[in-house]
Amino acid sequence: MRNKLLLVTFGLILTVFTGLGTWGLAATPTQPKPEVLTRISFYKADLVAVLQQLAGECGYNVIVTPEVQGTVTVQFQQVTFEEVLQYLMQSQGLVYEKKGRNILIGKVGQLQSDQKSIGYFRIYFAEPQKIADILKKVIPTAEIVADERTRMVVVQGSKSLIEQVGGVVQSLDRKMEQITIEVKVVEVSVSALRQLGVNWEIGDASLDWGVTSSGADLILKMIKDGYTWNMIIRNLMSDGNARLVTAPSVSTVDGKPASILIGDKVPLETKDADGNISVTYQEVGVKLNFTPWVQQTDDIRLDLMTQVNSLGEKVGNNYTIKAREVSSRIQAKIGETLFIGGLISHEERNTLSKVPVLADIPLLGKLFRNTEKAKEETELIVTITPRWTHSIQIKNNNNLTNPEVKQTGK
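A. Molecular detail of the sheet that holds strand S2 (residues 61–64). In spatial order, the strands read S2-S5-S4; together these 3 strands make up an open sheet with mixed pairing. Each having just a single partner strand, S2 and strand S4 (94–99) make up the two edges of the open sheet. Taken pair by pair, the neighbouring strands of this sheet meet at an average axis angle of 20°, ignoring direction. Contacting S4 and strand S5 (102–107), helix H3 (residues 81–92) crosses the sheet at an angle of about 150° to S4.

Encoded structure:
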């Protein structure tokens, strides 16, 4: 009997402890706070109360500065607390700083992360003032100054704003592709070129080999039929029917113009009302203006303007200037040669043939002399070949995620 009583007592004690253990586990929350709020609806409710209620439902702690006041009317469905918080901050002109499950909310300039700082950005490739002008347009709230002497852009604003500026600088401050334009100017005899086409049996109904076709047209047709430019020019030069006038090169970067002048500068005098004479110089010859635009792979677009100025009739102490100008837009590849022709000149040459001694007899000498007039037609062929310019790569050392920042307070 005594043993049975002990067993019953031990069973009751075990039951009590088991129940207490079960109760203790049940008291500990096992379900996480909801991150998605099913439905939110407030009408002219106190802003601080709304923030505290929503934060509490989602397991966040909210600290609000005394300056945060006002009422709010909102209605959301299926949104996270983070989304609601961002909407409320934007609508009320507030800022917040989040550290773990703790959120500090205040007015602009009150939080540490919102304090004004100064960021310095070194500009390596672009023009600092142009970078600053773009930044002022895309981020108008920032205070931005460009220093051309040190090639720096200085930004004053919050740390988040300075980081935003850094992203824009990283996109804009990039090294531009550099291109070298190789130009060769060759003077060829058009009649010799036409004869060469006939000898090589180049046939094309669209070309008038004897009269009107320009040298560039003939050369392009020869190249189309399998002859190279080097073969054509070598053949003409060997017979003295072509000569290399000049072969300049000019380098520029993507989107920047460059020019080459093949000719001279002629002085022109002008006189004012008081009789004072001033001298200006007029470019005479062929001037080529280039603007290359790099596209994908080795493709480029070349904006080309050709200006041809020549001396005309003499008027007083000066000459009139004959000007011709052609602009074109060409799609080309790096290493591909382009041809420009049509710069044709005509000269008349008098060739005198005579019988020695007899041709010098007065009166009768003209019977032993013969003068022949010959017309010489030449054309300037301009070839343009764009090539990549290989240069030293400079590393951009801007640490844009953490630029050099100086804290300045509010």
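B. Representation of the sheet that holds strand S13 (residues 277–294) in the model. Ordered in space as S12-S13-S14-S15, the 4 strands form an open sheet in which the pairing is antiparallel. The open sheet terminates on both sides in strands that have one partner only, identified here as strand S12 (258–271) and strand S15 (318–333). For this sheet, the mean inter-axis angle between neighbouring strands, taken without regard to orientation, is 15°.

C. Geometry of the pattern of salt bridges. Applying the stated criterion to the full structure yields 10 salt bridges. The salt bridge partner of Lys99 is Glu97, with a shortest N-O separation of 3.6 Å. One salt bridge in this structure joins Lys130 and Glu127, with 3.9 Å as the shortest N-O distance. Of the residues examined, Lys130 reaches a relative accessible area of 45% and is grouped as partly exposed. Glu127 sits in the partly exposed class, given a relative accessible area of 41%. Among the ionic contacts, a cluster of salt bridges with common partners joins Arg301, Asp303 and Arg329.

Reading the values: rules and limits
- Residues numbered from 1 in each chain as written.
- Predicted model: local features only at pLDDT ≥ 70, side-chain atom pairs only at ≥ 80, totals over all residues.
- Heavy atoms only, no water.
- Pairing = 2+ DSSP bridges.
- Helix = DSSP H or I, 4+ residues; strand = E, 2+ residues; numbered from the N terminus.
- Axes fitted to C-alpha atoms, helices over the stretch in contact; angles between N-to-C directions.
- Contact = heavy atoms within 4.5 Å.
- Salt bridge = Lys/Arg side-chain N within 4 Å of Asp/Glu carboxyl O.
- Buried < 20%, exposed > 50% of the residue type's maximum accessible area, 1.4 Å probe, protein only.

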